[in-house]
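# Architecture and fold: a report
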Amino acid sequence: MTFFCVVLEIATLWQAQVEVNNCLDAAALAAVNEWEASGSGSTQIPRNVGIAYAAANPILGSTLTLTDNYNPGNLPNENNTCFGNFVFGGLTSLTPPFTFDAGADVTVVGVAPAVRAQATVPVQGFCSALFGFSFLNVSASSTAYFDIGSGQPALARITTYTCP
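The rules behind these values
Residues numbered from 1 in each chain as written. Predicted model: local features only at pLDDT ≥ 70, side-chain atom pairs only at ≥ 80, totals over all residues. Heavy atoms only, no water. Helix = DSSP H or I, 4+ residues; strand = E, 2+ residues; numbered from the N terminus. Contact = heavy atoms within 4.5 Å. Areas by Shrake-Rupley, 256 points an atom, 1.4 Å probe, with all protein chains shown as cover. Buried < 20%, exposed > 50% of the residue type's maximum accessible area, 1.4 Å probe, protein only. Pairing = 2+ DSSP bridges.

### As for the overall build of the protein
Of regular secondary structure, the protein possesses 3 helices and 6 strands. Secondary structure elements of the protein, listed N to C terminal, follow the sequence α-α-β-β-β-α-β-β-β. Nonlocal contacts in the protein, meaning residues at least 24 apart in sequence, comprise 58% of its contacts between residues at least 6 apart. Summed over all atoms, the accessible surface of the protein reaches about 8,400 Å², with 60% contributed by carbon and sulfur.

Given below as structure tokens:
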């Protein structure tokens, strides 16, 4: 029984991790695409688009509710903090290794608009619920940027994360 529970919990955590990654990938790609389409101006609507895409990709059957992390007075990218679910910024290096800067002005030549979507999701497995264990957490982040060369959003594996 113990072996069965361990295997079931590991499988549940693995499935949740994959679904969180996919959810955040979709949210980041949609948000950066909308931001670029709007001329890289205000980030409020792109944040809402990202939230909608996250909600459309459930995690173990439950909707992931993200917050927008929006502060219109905090220019240039209107982030409230660097730890929110959405952090808008720019890639200051356009080839790997990628550097994401939450304070980068994306109107500057050589800086690509980028969005980082990040979340920690509590996961309640079958056996943990059965035996009264606490929730386990799955964390993930995804960064998408708008590739000017291809005219399409793309995912990037960030090596350096800078927050002003």
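### A look at the pairing of strand β1 (residues 86-91)
The buried count for β1 comes to 6 of 6 residues, which makes it a mostly enclosed element. Pairing geometry for β1 and strand β3 (residues 112-123), over 6 bridges, is antiparallel. Across the sheet, F86 pairs through a bridge with A117, a residue of β3. Bridge analysis of β1 against strand β2 (residues 98-101) gives 2 bridges, and the strand direction is antiparallel. Counterpart to G90 in the pairing with β2 is D101. With antiparallel pairing between neighbouring strands as the criterion, β1 and β2 make up a hairpin whose turn holds 6 residues.

### Observations regarding unusual backbone geometry
Here the bond from L75 into P76 is cis, since omega is 15°, no more than 30 degrees from zero. Mapped onto the fold, P76 is located in the loop between α2 (44-55) and β1. In this model, P96 is joined to P97 through a cis peptide bond whose omega is 0°. Its location among the elements puts P97 in the loop between β1 and β2.

Nothing here speaks to function; it is all geometry.
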